[in-house]
Amino acid sequence: MNYQLVILGSGNLATQLSLALQDSGHNIMQVYSPTPEHATTLANKLGCQAVSTLSDVRTDADAYIISVKDDAIKGLAETLCPDRTKAVFMHTAGSVPMEIFDTQAVHYGVLYPMQTFSKTRKVDFKEIPCFVEASDAETLTMVKTLAESISDHVQEVDSSRRAKLHLAAVFAANLTNHCYRLAERILQEEEIDFRLFLPLIKEVAKKVTVMSPKDAQTGPMVRYDVSVMDKQLSLIHDERTRQIYRLMADSIHDDATQHHL
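Residues numbered from 1 in each chain as written. Predicted model: local features only at pLDDT ≥ 70, side-chain atom pairs only at ≥ 80, totals over all residues. Heavy atoms only, no water.

### Details of the packing of aromatic side chains
Then step 1. Tallied over the entire structure, the rule returns 6 aromatic pairs.
Then step 2. Summarising the aromatic geometry, the rings of Phe117 and Phe125 are spaced 5.6 Å apart at their centres and angled 20° between planes, so their arrangement reads as stacked. One exposure class covers both Phe117 and Phe125, and it is buried.
Then step 3. Ring centres of Tyr180 and Phe194 lie 6.5 Å apart, and the angle between their planes is 55°; on these two criteria the pair is classed as tilted. Here Phe194 lies in the loop between α5 (159-188) and α6 (198-207) and Tyr180 lies in helix α5, a separation of 14 residues in the sequence.
Then step 4. For Tyr180, a relative accessible area of 31% gives the class partly exposed.
Then step 5. Classification of Phe194 by relative accessible area gives buried; the value is 18%.
Then step 6. Through a chain of ring-to-ring contacts, the aromatic side chains of Tyr180, Phe194 and Phe197 assemble into a single cluster. (Phe/Tyr/Trp six-rings, centres within 6.5 Å; stacked < 30°, edge-to-face > 60°. Buried < 20%, exposed > 50% of the residue type's maximum accessible area, 1.4 Å probe, protein only. Helix = DSSP H or I, 4+ residues; strand = E, 2+ residues; numbered from the N terminus.)

### Examining the layout of surface pockets
Then step 1. Here the largest pocket defines a volume of roughly 2200 Å³.
Then step 2. Surrounding the largest pocket, 43 residues form its lining, Cys179, Gln217, Met221, Met248 and Ile252 being those nearest its centre.
Then step 3. It is α5 that provides the largest number of residues to the lining of the largest pocket, a total of 10 residues.
Then step 4. For the lining of the largest pocket, the residue count by class is 28 nonpolar, 9 polar and 6 charged.
Then step 5. Each pocket or cavity is described by its volume, and for the second largest pocket that value is around 1400 Å³.
Then step 6. Around the second largest pocket sit 37 residues that line it, and Met114, Gln115, Thr116, Phe117 and Ala173 are the ones nearest its centre.
Then step 7. Looking at the lining of the second largest pocket, the elements that each hand over two or more residues are α1 (12-23), β6 (107-113) and α5.
Then step 8. No other element matches the 11 residues that α5 contributes to the lining of the second largest pocket.
Then step 9. Taken together, the residues of the lining of the second largest pocket sort by class into 18 nonpolar, 13 polar and 6 charged. (1 Å grid on protein atoms, 1.4 Å probe; cavity = no way out; pocket = protein on both sides within 12 Å on 5 of 7 lines; lining within 4 Å. Points joined across faces, edges and corners; volume = space filled by probe spheres on them. Nonpolar A, V, L, I, M, F, W, Y, C, P; charged D, E, K, R; others polar.)

### Things to note about a negative patch on the surface
Then step 1. Together, Glu99, Asp102, Glu156 and Asp158 make up a region of like negative charge exposed at the surface.
Then step 2. For Asp158, a relative accessible area of 38% puts it in the partly exposed group. (Patch = residues over 30% accessible without salt bridge, like charges linked within 9 Å, V, L, I, M, F, W, Y side chains within 5 Å. Areas by Shrake-Rupley, 256 points an atom, 1.4 Å probe, with all protein chains shown as cover. Salt bridge = Lys/Arg side-chain N within 4 Å of Asp/Glu carboxyl O. Lys, Arg positive; Asp, Glu negative; His and termini not counted. Charge placed at Lys NZ, Arg CZ, Asp CG, Glu CD.)

### What about the packing of helix α9 (residues 226-234) against helix α10 (residues 239-257)?
Then step 1. Between α9 and α10, the shortest axis-to-axis distance is 10 Å and the interhelical angle comes to 160°. Judged by the angle between their axes, α9 and α10 are roughly antiparallel. In this structure, α9 meets α10 at a crossing whose hand is right-handed. Taking contact as the criterion, the partners of Met229, Gln232 and Leu233 in α9 are, on α10, Arg242, Tyr245, Arg246 and Ala249.
Then step 2. Class assignment for the residues of the contact of α9 with α10 results in 4 nonpolar, 1 polar and 2 charged. (Axes fitted to C-alpha atoms, helices over the stretch in contact; angles between N-to-C directions. Parallel < 35°, antiparallel > 145°, perpendicular 65-115°, else oblique. Left-handed = near helix turned anticlockwise from the far one by under 90°. Contact = heavy atoms within 4.5 Å.)

### Observations concerning the sheet that holds strand β2 (residues 27-32)
Then step 1. With mixed pairing, the 8 strands of this open sheet are ordered in space as β3-β2-β1-β4-β5-β6-β7-β8. Either end of the sheet is taken by a strand with one partner, and the two such strands are β3 (49-51) and β8 (153-156). Averaged over all pairs of adjacent strands, the angle between their axes in this sheet comes to 25°, without regard to strand direction.
Then step 2. Judged from the 4 bridges that link them, strand β5 (residues 88-91) and β6 form a sheet pairing that is parallel. In the sheet register, Phe89 faces β6, and the bridge partner there is Tyr108.
Then step 3. Its contacts with the sheet place helix α3 (residues 73-80) against β1 (4-8), β2, β4 (63-66) and β5, and it is angled at close to 155° to β4. (Pairing = 2+ DSSP bridges.)

If you want it as structure tokens, here you go:
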């Protein structure tokens, strides 16, 4: 079944999700963003109408997908839900509970794709895990139908478990990427190309597809080789980066030598 949708948001996730939904046969009727040029950029990709004021958002969509900053979700719901009691409202956030819609919408849910997104880099949504939740059985059917039209990996997960998924994703993606950035800064001091590290990064990623990250960990921090670590610390000029190194060293060694559930 194909649905008539309005997308509220024009950022990285909103862009890739709306393109995937359209490719799956759903009709994107409008894109809303308070920044007109952002709404227009995404709407032009979708061939639909762009709006930048909430009073111009259509009232006849089957579902309204809110994909904005976490702290903006509630305000959009308070404005839009009262006049659209037959529609389904859903957000795409990992850490925002579904209950944010409780006193606003009649039918509501969550469609959370667990992936890192950029506007200009198309992803294969079929491989992305999507976690769904809904206020009632009928609404869940719609949310799951939307999710399953774009992903082969859809699971029903409640808000508390989804919050933990999002936290774990921050460690697996955002913090890992920041470690890449710290490595890049160290290399830039010696004018060494970060791309030389891509085979190393790819091999680490491949290893955790066949073994636990704990078993895949190597290096001086596992052994707690103090002489090597002290030499490396002496090469770091930024105190915050030294603190990160020390904390990570202690955490890696502790994990390697103690049993954790």
